[in-house]
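# Examining the three-dimensional arrangement
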Amino acid sequence: MRYGYRVKMLLLLAAALAALLLGAGVGSVAVAPGDILAILANRLTGAPLPESLPPSYSAMVLDMRLPRVLLAFLTGAALAAGGAVMQSILQNPLASPFGMGVSSGAGLGAALVIVSGLTGGALGKFLLPSVSLGFALGSVFLVVFAASRLDRGMSNTTVILVGMVLSLFCNAVMNLLASSSPAYAQRIQLWQLGSFSMREWSAVWALAPALAAGLLFFMAFSRELDVMTFGEEQAASMGVELVKTKRRLLAAVAALTGTAVAFVGIIGFVDLIAPHVVRRWFGASHRRVLPASALFGGTFLVLCDLAARTLTPPREIPIGSITALLGAPFFLYIFFAGRMRR
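What comes next is a walk through the structure. Only a predicted model underlies this, so the values are computations on that prediction, with no experimental measurement involved. (Residues numbered from 1 in each chain as written. Predicted model: local features only at pLDDT ≥ 70, side-chain atom pairs only at ≥ 80, totals over all residues. Heavy atoms only, no water.)

## Topic: the overall build of the chain
Each helix and strand in the chain was counted, giving 14 helices and zero strands. Listing the helices and strands of the chain from first to last along the sequence gives α-α-α-α-α-α-α-α-α-α-α-α-α-α. Computed over its C-alpha atoms, the radius of gyration of the chain comes to 21 Å, within 12% of the 20 Å expected for a compact globule of 342 residues. Taking the principal axes of the C-alpha coordinates as reference, the chain spans close to 65 × 60 × 40 Å. When the 342 residues of the chain are sorted by exposure, 49% land in the buried category. Taking the intrachain contacts of the chain between residues at least 6 apart in sequence as the baseline, contacts between residues at least 24 apart amount to 77%. Looking at the chain, you have 25 positive and 13 negative side-chain charges, and the mean spots of the two groups are 5 Å apart. (Helix = DSSP H or I, 4+ residues; strand = E, 2+ residues; numbered from the N terminus. Rg over C-alpha atoms; globule rule 2.2 N^0.38 Å. Buried < 20%, exposed > 50% of the residue type's maximum accessible area, 1.4 Å probe, protein only. Contact = heavy atoms within 4.5 Å. Lys, Arg positive; Asp, Glu negative; His and termini not counted. Charge placed at Lys NZ, Arg CZ, Asp CG, Glu CD.)

## Focus: the packing of helix 4 (residues 102-116) against helix 6 (residues 156-180)
The contact between helix 4 and helix 6 brings their axes to 9 Å, and the two run at 20 degrees. For the element pair helix 4 / helix 6, the angle class is roughly parallel. Crossing of helix 4 against helix 6: the hand is left-handed. Contacts from S104, G105, G107, L108, A111, L112 and V115 of helix 4 reach helix 6 at L166, S167, C170, N171, V173, M174 and L177. Here the residues of the contact of helix 4 with helix 6 are counted per class, giving nine nonpolar, five polar and no charged. (Axes fitted to C-alpha atoms, helices over the stretch in contact; angles between N-to-C directions. Parallel < 35°, antiparallel > 145°, perpendicular 65-115°, else oblique. Left-handed = near helix turned anticlockwise from the far one by under 90°. Nonpolar A, V, L, I, M, F, W, Y, C, P; charged D, E, K, R; others polar.)

## What about the side chain of D305?
Residue position: D305 is located in helix 13 (residues 286-310). Since its relative accessible area comes to 2%, D305 is described here as buried. Setting aside its immediate chain neighbours within four residues, D305 contacts R68, A72, F196 and I319.

## So, the side chain of E224
Tracing the backbone shows E224 in helix 9 (residues 222-228). One buried charged residue, E224, remains without a salt bridge, the closest side chain of opposite sign being R223 at 4.2 Å. Beyond its immediate chain neighbours, meaning those up to four positions away, E224 contacts V240 and T245. (Salt bridge = Lys/Arg side-chain N within 4 Å of Asp/Glu carboxyl O.)

## Focus: helix 11 (residues 242-264)
Within an α-helix, residues lying three or four positions from one another point in the same direction, as the helix has 3.6 residues per turn. Taking 1.5 Å as the rise per residue, helix 11 with 23 residues should run 33 Å; its terminal C-alpha atoms sit 33 Å apart, in good agreement. Across the 23 residues that make up helix 11, a large majority, 18, are buried. Where helix 11 ends, the next residue or the one after it, G265, has phi of about 95 degrees, a positive value. (Expected span 1.5 Å × (residues − 1).)

## Section: the packing of helix 3 (residues 55-90) against helix 11
Two elements in contact, helix 3 and helix 11, have axes whose closest approach is 9 Å; the angle formed by their N-to-C orientations is 155 degrees. Considered as vectors, helix 3 and helix 11 are oriented roughly antiparallel to each other. Handedness of the crossing formed by helix 3 with helix 11: left-handed. Along the contact surface, helix 3 presents L71, T75, A78, L79, G82, V85, M86 and I89, while helix 11 presents K246, L249, L250, V253, L256, T257, A260, V261 and V264.

## Considerations on unusual backbone geometry
Cis rather than trans, the peptide bond between P313 and P314 has omega equal to 0 degrees. Among the secondary structure elements, P314 is positioned in the loop between helix 13 and helix 14 (319-341).

## Structural notes on helix 4
Taking 1.5 Å as the rise per residue, helix 4 with 15 residues should run 21 Å; its terminal C-alpha atoms sit 21 Å apart, in good agreement. Where burial is concerned, most of helix 4 is hidden: twelve out of the 15 residues are buried. Where helix 4 is buried, its residues meet helix 5 (127-150), helix 6, helix 7 (182-193) and helix 11. Positive phi appears at G117, one or two residues downstream of helix 4, with a value of about 70 degrees.

## What about the pattern of salt bridges?
In this structure the tally under the stated criterion is four salt bridges. Across the pair R68 and D305 runs a salt bridge, and its minimum N-O distance is 2.8 Å. Highlighted residues: R68 in helix 3 and D305 in helix 13, separated in sequence by 237 residues. Just as R68 is buried, D305 falls in that class too. Between R309 and D305 there is a salt bridge, with its nearest N and O atoms 3.8 Å apart. Placement of the pair is R309 and D305 together in helix 13, with a separation of four residues, close to one helical turn. Judged on exposure class, the residue R309 and its partner D305 are both buried. Connected through salt bridges with shared partners, the residues R68, D305, R309 and E316 form a single ionic network.

See the structure below:
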C-alpha cells in the first residue's frame, strides 16, 4: 500500500512539473522545455545560455510566464487543500470555501477598494489584497459567530446555511456596487471571474509561505480531520473538541484561501473537484489527501489557465469561466451520485 502511495505521488509530481513547463513554454512564442531549464539554470547558477536562444526569451520566461504559472499552481494548491479540509469539517461532499463566504467576502473587500478609488499608500500594490484578505477572514468569523449563536454545538447544517446566506449577501452587494459605479464595473466583474494576467513575483512570494504554513497546520490536525469525517458524535466520543477544532480549522482555511483569492480574484470549483478526485486515488487518510490535493489542484489550475489564454488568442478567457465549465457538471455528478447511493 505504501509503495502504491509513493508511485501515485511521483506521478502527481511528474504531472505537476510537466504542467509547469507546458504553461511556461506555450504562448504566442513557444519555448522548448530544455530552453526553459537552461534559462532557470542561468538565473540560479550562472550557467551560460545556449547561443541559439534569443536573449528576449529569458526575460519573457522569467518575468512574464513563470510568475504566472507558479501563482496559478500555488493558488490551485491552496484552494484544493482548503476544500479538502472544509469537506471533512462539515461532512458534506459539496462544501467548499467558495460556498462558505470566504471567496465572496474577499471579493466584496476588493470591490470596495476598487469603487473607492483608494491608492496604495503605505501598502502600495498590496492594499487591495490586504483588504480582500481581511474581508475573507471577517466573513468566516461572522459565519462562526452567527452559527454559534444560533446553535451552541455549531452543527454542520447551521454553519453551511449561514455561510450560504453570507455568500449570497456579499455577491448581492458586489453586484450593487458594479451597477452603481459603471466606471469600475468591468474591474469588479473581472475580479469576480479571476485572472492571473500581469501578476508579478511579489504575489508568488506572498502566497508561497502562506501555502506552506497552511499545509503544515492542516497536517497537524490530520487525525482530527480523519475522525470528523465519520460524524460529529463519533468525533466527540473520541475526545475531539468539536467547536474549538472547527473554529481553528475554519479560520486557517479562510486565511489560506483568502490569501490566494486576494491576489487573483474569485476562482470556484477547484476546491470541490480536487479533493474528490484525490480521495478516489488515495483513500480517506488526510496525511495523504492533503498533500495530494495540493499537487492535483495546482496542476489542474495551471492547465485551466493555459486553456484560458490559448483557446481564443489574442483574447483571454477569465479563469473562473474555465473552472466553472468543468466544475458545474462535476457538481451535478457528485450531487446525483450521492442521491443514488441513498
